[in-house]
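Descriptive analysis of the structure
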Amino acid sequence: MDILTLIDKRASLWEETKTFLDSHTDKDGKLSAEDAATYDRMEADLVDLSKNIERYEKRAQIDAQMASPTSQPILTIPKNSTGIKTGRASAEYKQAALTAIRTNFRQVNDYLQEGTDALGGYLVPDEWDSKLIDTIGEENIMRTLGTTITTSGEHKINIAGAKPTAAWVDEGEALTFSDTTFSQITLDAHKLHAGVKVTNELLYDNAFDLETYIVDQFGKAIANAEEDAFLTGNGANKPTGLFTMAASDTSTVVTTSGTSIAADDIINLVYKLKRPYRKNAIFIMNDAVIAAIRKLKDNNQAFIWQPSYTAGEPDRLLGYPVYTSAYAPAIAAGAAVVAFGDMSYYYIADRGTRSFKELRELFMPNDMTGFLMIERVDGKLVLPEAVRVLKIKS
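Below, the structure is looked at part by part. (Residues numbered from 1 in each chain as written. Predicted model: local features only at pLDDT ≥ 70, side-chain atom pairs only at ≥ 80, totals over all residues. Heavy atoms only, no water.)

Okay, the overall build of the protein chain next. Along its length, the protein chain carries 11 helices and 14 strands. A total of 394 residues make up the protein chain; the buried ones form 38% of that total. Taking the contacts inside the protein chain whose residues are at least 6 apart along the sequence as the reference set, 73% of them involve residues at least 24 apart. Here the protein chain has roughly 23,300 Å² of accessible surface; of this, 51% comes from carbon and sulfur atoms. (Helix = DSSP H or I, 4+ residues; strand = E, 2+ residues; numbered from the N terminus. Buried < 20%, exposed > 50% of the residue type's maximum accessible area, 1.4 Å probe, protein only. Contact = heavy atoms within 4.5 Å. Areas by Shrake-Rupley, 256 points an atom, 1.4 Å probe, with all protein chains shown as cover.)

Spatially, 7 strands are ordered 6-14-11-7-10-9-8 in an open sheet, and the strand pairing comes out mixed. Two strands in the sheet have a free side with no partner beyond their single neighbour: strand 6 (253–254) and strand 8 (305–306). Where strand 9 (residues 316–317) lies against strand 10 (residues 320–324), 2 bridges are found, and the strand directions are antiparallel. Counted as the bridge partner of Arg-316 is Pro-321 from strand 10. Contacting strand 6, strand 7 (282–285), strand 9, strand 10, strand 11 (336–341) and strand 14 (387–391), helix 9 (residues 263–272) runs over the sheet at an angle of about 155 degrees to strand 14. (Pairing = 2+ DSSP bridges. Axes fitted to C-alpha atoms, helices over the stretch in contact; angles between N-to-C directions.)

Attention now goes to the nonpolar core. Generally speaking, nonpolar side chains in soluble globular proteins are found buried as a group. Ile-261, Phe-283, Met-285, Ile-293, Leu-317 and Val-338 are the most contacted members of the largest nonpolar core, which totals 34 residues. For this core, the secondary-structure elements that each account for two or more residues are strand 4 (182–187), helix 9, strand 7, helix 11 (287–293), strand 10 and strand 11. Looking at this core, the element that brings in the most residues is helix 9, giving 4 residues. Sequence-distant contacts of Ile-261, that is, excluding residues within four places in its chain, are made with Thr-255, Ile-266, Val-289, Ile-293, Leu-296, Val-337, Leu-390 and Ile-392. (Core = buried A, V, L, I, M, F, W, Y, C linked by side-chain atoms within 4.5 Å.)

This part covers a nonpolar patch on the surface. A surface patch of nonpolar side chains, amounting to about 290 Å² of accessible area, comprises Ile-267, Tyr-271 and Leu-318. If you trace the backbone, Leu-318 turns up in the loop between strand 9 and strand 10. (Patch = residues over 30% accessible without salt bridge, like charges linked within 9 Å, V, L, I, M, F, W, Y side chains within 5 Å. Salt bridge = Lys/Arg side-chain N within 4 Å of Asp/Glu carboxyl O.)

The values are spatial; any link to function lies outside them.
Rendered as structure tokens:
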């Protein structure tokens, strides 16, 4: 029976009981023996109803307890709706990982089961992963300028080749049909690693900020290796570099001199790029090339270089931003030394998550512990016509 029905029945019975008592009490406040027996029965029914209602209320409480979850799920999302970090983002996982490193993995906490892989490695805590990405972003301009995607296998990008063309035709003449073709760029995954050896004395020194040291060192090493490959990689077990793919295109600009760059060479480079790509175009070159270009003047003896007067803003050349990288090619005969174009067409494909492993046995004779970080990544200029390069005359 519904508990609300019982409550309504008890309320009605209580009203009937009060009415009966008021109507059957004589002037001396007494009930006859028969009326007293009737009232006692009504009062007993009221008490029984109250007890029954209590039973139903208690049953509802037990049902609610039995229906509630017995445990909380482990989440790997850094932030949930409550604002409490769980899983690999939790402070407990971060501290457990740091403790495991400092003790040569002799103290492995249950929290680390979140990141255990089949080879005995542990995923970097989410907080560490974020710091690593931040470090790479500051050191690696191509991760800022290019398009970064995450892949789980070979990633194929369709590229339009020959496009339809229109032609005028006289009335009654045969119509012509052109072929439309498509090509594909495949982004795979190349393994990149960084490793360091640390003395066990350093691991045991709790006063040393070991976490920041390891993350910074790995971040800088991986960033430098990525930057080199993203710009000049040959595609053999590494990404294919921006300069490598752009220089292979026939639409390159060659300097008039084999030893220097002229102002006219830069102008020719800008207008060798198709107009739609110039809207978001930027220059990339190394510091030595910038030093040479900053000395160039136009016919009015005005420097073509435009220094930035705003903090954080890049300098400009012919109105376009200039970015510098130590891994851009140096001035040499036949070398492509300046890239100009829309760098968002350079795709960086990250395969999975970076892993972090401890190597204890390998360096045991030296009383040291090794740490290894591995990532899989590829990079390609998916549309070569979006970038043009300036080559030094051979």
